[in-house]
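The lines below spell out each chain.
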Amino acid sequence: MGYTQELMQLIKRVEATRPARVARKKAGQEFPALSLDERQARLEKYHPDYRAGGLRELKVGPSKGYALAKEIADLFEARSRVDPDKIDLKEVHYETDTLVIGGGGAGTAAALMAQEQGARVIIATKLRHGDANTMMAEGGIQAASKGWKDSPYFHYLDVMGGGHFENDPELVKTMVCEAPKAIAWLESLGCMFNKWPDGKLFTLHGAGTCRKRMHYAGDMTGAEIMRTLRDECRNRLKDIGVLEFSPAVELLLDDKGVCSGAVLYNLETEEYFLVKAKAVVMATGGSGRLHIQNFMTTNHYGATGDGLVLGYRIGVGVRFLHATQYHPTGAVFPEQAEGLLITEKVRGAGANLLNIDGDQFVFEREPRDVESASIIRECTDVAKGVPVPGQAGKFGVWLDSPMIDMLEGEGTVEREFPAKHILFKRYDIDIARLPMLVYPTLHYQNGGLAYSPDGTTTAPGFYVAGEVGGGVHGANRLMGNSLLDITVFGRLAGIAAGQFVKGRGDVDRLSVEHVRRYHKELEDAGIDTDRVSPMLLPDYMTPEVKKRQWTTQYVGTIR
Amino acid sequence: MSTAEQLQDLSQESAPLDLSERTDLVPIFIMGKKYDVPSTLTIQKALEYAGYQLIRGCGCRGGICGACATVYRMPGSPRIFVGLACQTLVQPSMYLTMVPFFPANRAVYNIDEIQPDAMALLKAYPELAKCMGCNTCAKSCPMDIQVMEYISAALRGDVERAAELSMSCVMCGICASRCPAELGQYNIAILCRRLTARHLRPKAQHVAEMVARIESGAYEEPLRKLITADLETLRKLYVEREMEPHTAPEMWQPQEKTYL
Ligand SMILES: Cc1cc2nc3c(=O)[nH]c(=O)nc-3n(C[C@H](O)[C@H](O)[C@H](O)COP(=O)(O)OP(=O)(O)OC[C@H]3O[C@@H](n4cnc5c(N)ncnc54)[C@H](O)[C@@H]3O)c2cc1C
Ligand code: SF4
Ligand code: SF4
Ligand code: FES
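From a predicted model like this one, the values you see are computed outputs, not experimental measurements.

About the criteria used
- Residues numbered from 1 in each chain as written.
- Chains lettered and ligands numbered in written order.
- Predicted model: local features only at pLDDT ≥ 70, side-chain atom pairs only at ≥ 80, totals over all residues.
- Heavy atoms only, no water.
- Helix = DSSP H or I, 4+ residues; strand = E, 2+ residues; numbered from the N terminus.
- Buried < 20%, exposed > 50% of the residue type's maximum accessible area, 1.4 Å probe, protein only.
- Contact = heavy atoms within 4.5 Å.
- Areas by Shrake-Rupley, 256 points an atom, 1.4 Å probe, with all protein chains shown as cover.
- Lys, Arg positive; Asp, Glu negative; His and termini not counted.
- Charge placed at Lys NZ, Arg CZ, Asp CG, Glu CD.
- Near = heavy atom within 4 Å.
- Nonpolar A, V, L, I, M, F, W, Y, C, P; charged D, E, K, R; others polar.
- Pairing = 2+ DSSP bridges.
- Buried area = accessible area lost by both parts, 1.4 Å probe.
- Salt bridge = Lys/Arg side-chain N within 4 Å of Asp/Glu carboxyl O.
- Polar contact = N/O pair within 3.5 Å; in protein donor to acceptor, adjacent residues only side chain to side chain.
- Domains from an automatic or database assignment.

### Quick look at the overall build of chain B
Here's step 1: Tallying secondary structure elements over chain B gives eleven helices and five strands in all.
Here's step 2: Oriented by its inertia axes, the alpha-carbon framework of chain B measures out at about 70 × 50 × 35 Å.
Here's step 3: For chain B, buried positions account for 51% of its 260 residues.
Here's step 4: Taking the contacts inside chain B whose residues are at least 6 apart along the sequence as the reference set, 60% of them involve residues at least 24 apart.
Here's step 5: Roughly 11,900 Å² of accessible area belongs to chain B as shown, and the carbon and sulfur atoms make up 54% of that amount.
Here's step 6: In chain B, the 27 positive side-chain charges and the 29 negative ones have mean positions that sit 5 Å from each other.

### Details of the site of ligand 2
Here's step 1: Ligand 2 sits among Cys141, Pro142, Met143, Val147, Tyr150, Cys169, Val170, Met171, Cys172, Gly173, Cys175 and Tyr186 of chain B.
Here's step 2: Looking at side-chain class alone, the shell around ligand 2 contains eleven nonpolar, one polar and no charged residues.

### With respect to the sheet that holds strand S12 (residues 318–319) of chain A
All names here are of chain A.
Here's step 1: One open sheet accounts for three strands, arranged S12-S18-S20; its pairing is mixed. Strands at the two margins of the open sheet, each flanked by one partner only, are S12 and strand S20 (469–470).
Here's step 2: Judged from the two bridges that link them, strand S18 (residues 448–450) and S20 form a sheet pairing that is parallel. Paired with leucine 449 across the bridge in S20 is glycine 469.

### Digging into the interface of chain A and chain B
As a measure of interface size, the accessible area lost when the parts come together is often cited.
Here's step 1: Opposite the 98 residues of chain A that make contact, chain B presents 86 residues.
Here's step 2: Buried surface at the junction of chain A and chain B, both sides included, amounts to about 8,400 Å², of which 59% is carbon and sulfur.
Here's step 3: Between chain A and chain B we count twelve salt bridges in total.
Here's step 4: Where arginine 194 of chain B meets aspartate 231 of chain A, a salt bridge forms, and the shortest distance between an N and an O atom there is 2.8 Å.
Here's step 5: Taken together, the links from chain A to chain B amount to 38 residue pairs in polar contact (both at pLDDT 80 or more).
Here's step 6: At eleven residues, the largest contribution of residues to the side of chain A that touches chain B is made by helix H7 (residues 169–189) of chain A.
Here's step 7: Looking at side-chain class alone, the side of chain A that touches chain B contains 44 nonpolar, 22 polar and 32 charged residues.

### Side note on the pairing of strand S3 (residues 69–73) of chain B
Residues and elements named next belong to chain B.
Here's step 1: In terms of burial, S3 is largely enclosed, as four of its five residues are buried.
Here's step 2: The pairing of S3 with strand S4 (residues 81–84) spans four bridges and is antiparallel. Bridged to threonine 70 within S4 is glycine 83.
Here's step 3: As defined by bridge partners, S3 adjoins strand S5 (residues 95–98) across four bridges and the pair is classed as antiparallel. Looking at S5, one finds that valine 71 is bridged to threonine 97.

### Description of the side chain of glutamate 138 of chain A
All names here are of chain A.
Here's step 1: Considering the arrangement of structural elements, one finds glutamate 138 in the loop between helix H5 (133–136) and strand S5 (141–142).
Here's step 2: Residue classification places glutamate 138 among the buried residues on the basis of a relative accessible area of 9%.
Here's step 3: Not counting the four nearest positions on each side in its chain, glutamate 138 is found in contact with Gly218, Asp219, Met220, Thr221, Leu341, Thr343 and Lys420.

### Examining the site of ligand 3
Here's step 1: The full set close to ligand 3 counts 13 residues, and Cys131, Cys134, Asn135, Cys137 and Cys179 of chain B are the nearest of them.
Here's step 2: Residues that form the shell around ligand 3 fall into these classes: nine nonpolar, four polar and no charged.

### Quick notes on the domain arrangement of chain B
Residue and element names in this part refer to chain B.
Here's step 1: With domains assigned, chain B is organised as domain 1 (14–98), domain 2 (118–200) and domain 3 (205–236).
Here's step 2: On a C-alpha basis, the centroid separation for the pair domain 1 and domain 2 is 28 Å.
Here's step 3: Contacts between the two partners involve ten residues from domain 1 and, on the opposite side, nine residues from domain 2.
Here's step 4: Carbon and sulfur atoms make up 74% of the surface buried where domain 1 meets domain 2, a total of about 660 Å² over both sides.
Here's step 5: Our count for the domain 1 to domain 2 interface comes out at zero salt bridges.
Here's step 6: Linking domain 1 with domain 2 are zero residue pairs in polar contact (both at pLDDT 80 or more).
Here's step 7: Looking at the side of domain 1 that touches domain 2, the elements that each hand over two or more residues are S3 and S4.
Here's step 8: Residue contributions to the side of domain 1 that touches domain 2 peak at three residues, all from S4.
Here's step 9: Residue composition of the side of domain 1 that touches domain 2, grouped by class: six nonpolar, four polar and no charged.

Below, the structure written as structure tokens:
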């Protein structure tokens, strides 16, 4: 397979400008970065968040009046899968101290820490333990770990600047101060980060960093963290039970409003189960599979924003959900790889972004939103995008990976990006020799449920950690701060939840009054809908098949 | 082995596929039953096109979680092919099944106490000694990992080598499904990696130093100042922060050292 003839012709233009670009880079001359005002102007003109009609004001719930992506608003303005009149709250199937919802990085870290507080833990997760966005993270994890050139002070500035200074300062402070501890913890659990022989960790730049503080494990950093945490969980199976293929569909409160468990749905047997718990940690991750504005996504199959809905229904507000992160470099060719993330580390390592003429049009280490907006601009108004073969009207730009070998030495691409190298090799494209064709792809849910540094929320007994939460990244997360976020806040929420259960007696009466109230609120707001949420799984069925499923009932996307 | 290599192999073994016959839809056989699907799809998307709503066998959709192990055969070939459903393109007349789960022995251990040597590995996984060197595991690994090599490294007690060789293992379980000696290779591999990182490689001193510095409260005041600074000041500090050059050596130091 490989690139088409037309693309190979166009690549010649990239090759023609490459030697000069490499020479400039070696001499330390970068493409001029945008000023803060120029950044803002570019975002307003080209970023999808600013597109007319993309956002809608919520008519119900704690954040009523707040405008966010209409795909998420649809989930909030939908009915529960649970009928409060029919559910039997006396039939409890599992009892535990801490229920963790979501077996990704944040949830697993929380489970480990809650267990260390002496709590019994159940992790309920939608797919397999570890089928999560955490598994997919490639680039790395930030932490100011090198005292001779970096500190939490500079990390703080970078996080705030990346988030357009709107971030929750206390959350940021906690994250940057806990960061080195998080790295030490992962190291002690046996995460194989890339290191020098003396034990010093490798670090690189990411977009928006002023110091090289991105720690990594090849280009499988998230996978390495996820499988290590999961493996450690499996060593503690006496205290940590894992229920796979059992997404939570509703939270349970007690009669005083303290969070006390959840309703789970067994995707395989289609049964509902009740878990009673003394504290609940919500760690369901992001929502890329909502395909906001029809964008392709890098996210895993289960990223449908379920935790947002559940938390919202018990009264926890949301923030920064108006801002969605589009990763500037998602693959657009070949078609089968569409949407797949090409880690930012490729740009961190020096690869330029180029238009159809092989010319640079943006500095490759702008923050993500600015970078994405610039690519969209190049492919629309400037009209210098590279046409994607076989997909009329679709364009991309080049990401010049071969530069990396020229800058850092032959073999660097293969060594530093083994997973992507082998993936493209399957399509007969050697990314150490040929550039990749990319376009922005839906990547990260910048915002989410509001929480405090220890994971607590406005709802007692209810904790939030990871991508489902919002505040620490403001309106735009920088690469490497999310793996950090989930490790830091996963740990802290686990500790807080583990402590909370100690002071809480037995849970007696379970309640779903909040669901009844929420349904009432929907009705009062004139929202008469048969939409249900959470979504649980995206719908990739073809309409033809659905038409022939004469007797099949769908509740939302699920049979 | 990658699809391309497998196919190349295939074309050497039997007549090459007749590509001229390709129309938009191609027949594939899902667990023996025929479905016509667009030829540009991955196996995973083809299953969905055929009408399956995936519950098992689908995680990351990006080739890293190992949920979608698939085995298939091609007409006219005696061989078994393997691939990740989310990464492998359909081929006309392939007949396939997914193996979304394959049970494997997993030892419980304490990572702080277990030793990084052959004895400990054998104690945790006695079946390691039964490897008969058939290399079936390596031939069936969709990530092109030298599985047998890492198993024999583990058996020799070369834990670090086993760790390095197995780094890109996605724990899909195909190797375990085909192993005549009934090993669960991927569980042995992750133990080797954790042992390597935990016990064999030196700890990062600079991390511990930074943790101590933070705990001493050294950054409390500078950070408080940032938290209470007005937007103007913060923006100025941000814009003026000193950048470590891209090509700077590891031990580069900034001019401004006040807040280190
Ligand atoms: C391709 C890709 C690359 C990335 N690269 C980087 C990077 O280099 N550096 C970085 O810092 N960040 C990166 N990120 C972001 C980062 O990986 C994620 O934001 C982070 O891992 C989220 O962790 P989490 O634990 O909050 O959520 P996840 O890891 O997504 O875990 C959530 C879990 O909850 C489960 N779940 C969902 N709904 C329910 C429900 N209703 N009930 C029960 N369980 C449920 C999901 O199945 C999943 O297992 C990347 C993300 C992607 C997608
Ligand atoms: S080593 Fe085994 S489990 Fe790991 S990727 Fe290869 S076949 Fe899958
Ligand atoms: S398949 Fe089993 S017996 Fe054969 S080489 Fe691999 S580990 Fe050894
Ligand atoms: S779905 Fe994760 S590897 Fe294929």
